[in-house]
Amino acid sequence: MTRARDDLEALRDPALRSTPLEAESTAQSTTSGPVPGPGGTMQDAAAPSPGEPAGAGEPQQAGPERIAAASSAGAAPPQADPRARSDESLDRERYERYAMPASDLPAANVQAFRGDASGVLAIVRRAVQSVTRDPARHRRRLPKSRFDAIRSLPELAMALDYAVTRMQPESAPPPEVVEKLDLLYGVLRPTIATAEVYFPRSIVPETFGIVRRALVAGDPASATATITNLILDRWSHVQSRIPITREELTQLNSTAKWLLSNTRPPERLDSRDIRDRLWSLLRERYEQLRAIAQEVSGDDSREYAPERLAAD
């Protein structure tokens, strides 16, 4: 009971600092100065709350100047653009932490993301704050739920934002590369789903491990080459059942290998698949939060935990 109370009290913090990583990243997002050094992490992490003026503890400024400073460096509302965070390594670490379980989702369960990642983050933050704002009222329900998964929803939404906004090629790739990447993206997920049916992960874990790492890295060419090699090598076992012709697989394999031979990883970066996987993982966990919101608040839960996080 005591731990549940402590966890719920921690969630009442508007910054939603559920982990040290989130606390440090949030503190950096609400300051305009340099990234704090190792000795200043705890002090700098004390970001002002939405109702507290920025720069608390500093000399007070007069009138409009103080307001301007609070506007430029103070606590951002939930709708603030998370891309303003200054430390790329922290964002990347968070992305990798959630991209790994997302890459394990069965391909058949992955849904395409069509929406604004910043808007999703704002909704998720508000929903988590609202559902957990009254510890006494939720004490009986929350320990039985997947509390950690619910508490980490804002971080998961920030990982989705990273995949959408940060994982982009250094420069626009040539049209030929774009065309081939589009082709791979259109057939990669169905091909992985087929392999998952006929070649379970427990049988060829090393192959799916390569695919998983390629998806996290935003490298569909490596993922496609690996999964098509697996199917082609064992074609005799599945040729009468698999819904893909050998010619189609061979062409897909050749396209992936062409990209691997003629481009560098940054040039063929494509995060669409892992973006959709992060989105699907977020939707799964958000449904758990909505179930709690419905139990606690009934119809009022729709005001802060809407059914739809983004356009479908």
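Model, not experiment: these values are computed from the prediction.

Peer 1: When you look at the overall build of the chain in this model, what are you seeing that I'm missing?
Peer 2: The helix and strand tally for the chain stands at 16 helices and 0 strands. In the chain, which comprises 312 residues, the share counted as buried stands at 46%. Of all intrachain contacts in the chain linking residues separated by at least 6 positions in sequence, the fraction that spans at least 24 positions is 82%. Taken as a whole, the chain presents about 15,800 Å² of accessible surface, with 51% of it coming from carbon and sulfur.

Peer 1: Any chance you could explain helix 10 (residues 175–198) here in plain terms?
Peer 2: Residues spaced three or four apart along an α-helix point in a common direction, a consequence of the helix completing one turn every 3.6 residues. With 24 residues, helix 10 should cover 34 Å at 1.5 Å per step; its first-to-last C-alpha distance of 35 Å lies within 8% of that length. In helix 10, a bend of some 35° at L188 exceeds every other bend along the element, and P190, a proline, comes one to four places later. The complete set of buried residues in helix 10 reads V177, K180, L181, L184, L188, R189, T191, I192, T194, A195 and E196.

Peer 1: What am I meant to see in the side chain of T263 here?
Peer 2: Mapped onto the elements of the fold, T263 is located in the loop between helix 14 (246–262) and helix 15 (272–297). A polar contact of 2.4 Å, which involves the side chain of T263, links it to the backbone oxygen of L259. Residues contacting T263, with those up to four places away along its chain left out, are V177 and R268.

Peer 1: Just checking my understanding: could you explain the nonpolar core for this structure?
Peer 2: Generally speaking, a soluble globular protein has its nonpolar side chains buried in company with each other. Core analysis: the biggest nonpolar cluster contains 37 residues, and Y95, V124, L153, L278, L282, Y286 and L289 have the highest contact counts within it. Counting residues per element, this core draws most heavily on helix 15, which supplies 9 residues. Among all residues touching L278, those that are not within four sequence positions of it are Y95, Y98, A99, A102, L156, A159, L160 and A163. Residues V204, A214, L230 and L232 belong to the second largest nonpolar core, which totals 20 residues.

Peer 1: Explain the packing of aromatic side chains to me, please; I cannot follow it from the model alone.
Peer 2: The way to describe two aromatic rings as a pair is by their centre distance and the angle between their planes. Scanning all chains against the criterion turns up 2 aromatic pairs. Between K180 and the ring centre of W258, over which it is positioned, the NZ or CZ distance is 4.9 Å. A cation over a ring is seen here: R272 above Y185, with NZ or CZ 4.4 Å from the ring centre.

Basis of the calculations
- Residues numbered from 1 in each chain as written.
- Predicted model: local features only at pLDDT ≥ 70, side-chain atom pairs only at ≥ 80, totals over all residues.
- Heavy atoms only, no water.
- Helix = DSSP H or I, 4+ residues; strand = E, 2+ residues; numbered from the N terminus.
- Buried < 20%, exposed > 50% of the residue type's maximum accessible area, 1.4 Å probe, protein only.
- Contact = heavy atoms within 4.5 Å.
- Areas by Shrake-Rupley, 256 points an atom, 1.4 Å probe, with all protein chains shown as cover.
- Expected span 1.5 Å × (residues − 1).
- Bend = angle between axes of the 7 residues up to and from the residue.
- Polar contact = N/O pair within 3.5 Å; in protein donor to acceptor, adjacent residues only side chain to side chain.
- Core = buried A, V, L, I, M, F, W, Y, C linked by side-chain atoms within 4.5 Å.
- Phe/Tyr/Trp six-rings, centres within 6.5 Å; stacked < 30°, edge-to-face > 60°.
- Lys NZ or Arg CZ within 6 Å of the ring centre and 35° of its normal.

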